[in-house]
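Structural description and commentary
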Amino acid sequence: MLDVQQIRADFPILQEEAYPGVPLVYLDSAASSQKPLPVIEVMNQYYRHTNANVHRGIHRLSEDATNAYEGARERITRFINAADSAEVIYVRNATEGFNLVAYSWGRANLQPGDEILITAMEHHANIVPWQIIAEQTGAVVRHLPFLPNGTLDLDQLPQLLTEKTKLFSFTAVSNVFGTVNPVKQLIDAAHKVGALAMVDAAQAVPHMPVDVQAWDCDFLAFSGHKMCGPTGIGILFGKRHILDAMPPFMGGGDMIRRVTLEGSTWADLPHKFEAGTPGIAEGIGLGTAVDYLTNLGMTNVHAYEQQITNYALEALSEVDGLQILGPSAAQRGGVAAFTIQGLHPHDIAELLDKDGIAIRAGHHCAMPLHHLSGVNSSARASFYIHTTTEEVDKLVESLNRARKVFRL
Ligand code: 7TS
């Protein structure tokens, strides 16, 4: 499977201490992953030896920068098995991917009475843009509820996904429950009623093989920073004929064919949606992150995460008063959000931090999910390719200590 010790050696930050004498235990990869040395190095080398603007100059640096940046797009295209790199648009993050589709496709296609279907377990990035665009177009946002075990209530799908639905946008993997949703089934159901399907793959692409052609999704968005890549870069995948028919999202340099003072025409895909100087080092960094993950093998990554998550769920269930949100290990990715009776999630995170353990506490940008689960917030440990069973044991020890501090 994975050689976790060898992987750990690739991540400089994992050799560091959180506080003097207290090693870092990083269990917050779902918020943002750490970066392996090749990613850090390729960006460093870019600024030292290549730095120039892309798609412009005829000088060597600009050509090298363009080749590296576009070469990264080719590897990202293969990583998600898109048919054509013209369908792979660089954005800043998954959030920008949703906003691009909402503003460009939504404004051009939605009318009063049209419906956008999401689920109740979405990250705010896949809720708020639709609410904004619904407000502007007169469309209505509906949501598919989830069951108490954190899986989608598929029995309600036929009432909610109808010929009024123009787009069904849902997460492949919940960032709180960890639920792995039946993506292909949901996409097929959307297509059956003539709706487009958009997948939030922010918690999927970093952790499992993703094949946009096999899924047959119309749009898919993810962020580089959760998959060993830098911040400030993400991808929006869209089917070519749909992207071709969409108006630009932002106007400016790089996205035009010809500009006169009277009007302008647009560049071909993907550049039509890439206005202005992009995150060049970031795109190159993401290409190297993709190489790193490809080398490990996404099937291996997924299998290892399932193993460590299994271990963690069992270990956490030993902590008195601890309640895990979401389904059993068989149906989830590498996150474990939980509450402990009598302990506020922020107090949990603060006490764990003293032991060098980084987790996230709060609503994880999924306020509706928490509200519907009957809690305001939760603590969340998330696991990645470098997480060890020893680290999970430390988490459990530290949680037991936290309970003692609060005399529980
Ligand atoms: N969708 C999901 C499922 C996510 O988990 C996140 C980020 C996003 C979209 C948005 O990603 P961004 O890079 O555009 O911000 N999730 C989290 C999280 O769980 N904790 O911090 C960020």
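Let me sum up the structure you'll find in this document. This is a predicted model, so every value here is computed, not measured.

Let's shift gears to the pattern of salt bridges. Between side chains of opposite charge, a pair can form when the charged atoms approach closely. Considering all chains together, one arrives at 17 salt bridges under this definition. Across the salt bridge formed by aspartate 84 and arginine 240, the nearest N and O atoms sit 2.6 Å from each other. Taken as a pair, aspartate 84 in the loop between α3 (60-79) and β4 (88-91) and arginine 240 in helix α9 (residues 240-245) lie far apart in primary sequence, 156 residues in all. A salt bridge links lysine 166 to aspartate 114, with the nearest nitrogen and oxygen atoms 3.8 Å apart. Of this pair, lysine 166 sits in strand β7 (residues 165-171) while aspartate 114 sits in the loop between α4 (94-109) and β5 (115-119), and the two are 52 residues apart along the sequence. On the basis of relative accessible area, aspartate 114 is assigned to the buried category, the value being 10%. Taken together, the shared-partner salt bridges connect Glu70, Arg73 and Glu274 into one network.

Backbone hydrogen bonds hold the strands of a sheet together, and the pairing may be parallel or antiparallel. Read across the open sheet, the four strands follow the order β13-β14-β17-β16; overall the sheet is antiparallel. Sheet topology places β13 (322-324) and β16 (360-362) at the edges, where each strand pairs with a single neighbour. Each strand axis lies, on average, 30° off the axis of its neighbour in the sheet, ignoring direction. Pairing geometry for β16 and strand β17 (residues 378-382), over three bridges, is antiparallel. Bridged to glycine 362 within β17 is serine 378. Packing of helix α12 (residues 345-354) onto the sheet brings it into contact with β14 (335-340), β16 and β17, and relative to β16 it is tilted by some 160°.

Right, let's get into the layout of surface pockets. Size it by volume and the largest pocket reaches roughly 280 Å³. Taken together, 21 residues line the largest pocket, and the ones lying closest to its centre are Thr95, His123, Ala125, Ala202 and Lys226. The greatest single-element share of the lining of the largest pocket, amounting to three residues, is contributed by α4. Across the lining of the largest pocket, the residue classes break down as eight nonpolar, nine polar and four charged.

The end-to-end C-alpha distance of helix α14 (residues 389-405) is 24 Å, a good match for the 24 Å that 17 residues give at a rise of 1.5 Å each. Among the residues of α14, Glu391, Val392, Leu395, Val396, Ser398, Leu399, Ala402 and Arg403 are the ones counted as buried. All buried residues of α14 lie within an arc of 165° about the axis, which places them on one face of the element. Structural note: α14 exposes Glu390, Lys404 and Val405 on the side pointing more than 90 degrees away from its buried face.

Cis geometry is adopted by the peptide bond preceding proline 270, which originates at leucine 269 and carries an omega value of 0°. Summarising the element assignment, proline 270 is placed in the loop between β12 (264-266) and α10 (280-296). One non-glycine residue with positive phi stands out, namely histidine 55, at about 60°. Counting through the fold element by element, histidine 55 comes out in the loop between α2 (37-49) and α3. For histidine 55, a relative accessible area of 27% puts it in the partly exposed group. A positive phi angle, near 55°, is found at histidine 364, a position not held by glycine. Along the chain, histidine 364 turns up in the loop between β16 and α13 (367-372). Take histidine 364: its relative accessible area is 0%, and that puts it in the buried class.

This part is about the sheet that holds strand β10 (residues 234-238). Reading across from one edge, β4-β10-β9-β8-β7-β5-β6 is the order of the seven strands in this open sheet, with mixed pairing throughout. The open sheet is flanked by β4 and β6 (140-144), the only strands paired with a single partner. Each strand of the sheet is rotated relative to its neighbour by a mean of 20°, with strand direction disregarded. Relative to strand β8 (residues 196-200), β7 is paired through five bridges, and the arrangement is parallel. Note that in β8 the partner of threonine 171 across the bridge is aspartate 200. Strands in contact with α3 are β4, β9 (219-223) and β10; relative to β4, the strand with the most contacts, it is inclined by about 120°. α4 rests against β4, β7, β8, β9 and β10 of the sheet, and its axis sits at about 150° to β9.

Rules used in this analysis
Residues numbered from 1 in each chain as written. Predicted model: local features only at pLDDT ≥ 70, side-chain atom pairs only at ≥ 80, totals over all residues. Heavy atoms only, no water. Salt bridge = Lys/Arg side-chain N within 4 Å of Asp/Glu carboxyl O. Helix = DSSP H or I, 4+ residues; strand = E, 2+ residues; numbered from the N terminus. Buried < 20%, exposed > 50% of the residue type's maximum accessible area, 1.4 Å probe, protein only. Pairing = 2+ DSSP bridges. Axes fitted to C-alpha atoms, helices over the stretch in contact; angles between N-to-C directions. Contact = heavy atoms within 4.5 Å. 1 Å grid on protein atoms, 1.4 Å probe; cavity = no way out; pocket = protein on both sides within 12 Å on 5 of 7 lines; lining within 4 Å. Points joined across faces, edges and corners; volume = space filled by probe spheres on them. Nonpolar A, V, L, I, M, F, W, Y, C, P; charged D, E, K, R; others polar. Expected span 1.5 Å × (residues − 1). Arc of directions from axis to C-beta.

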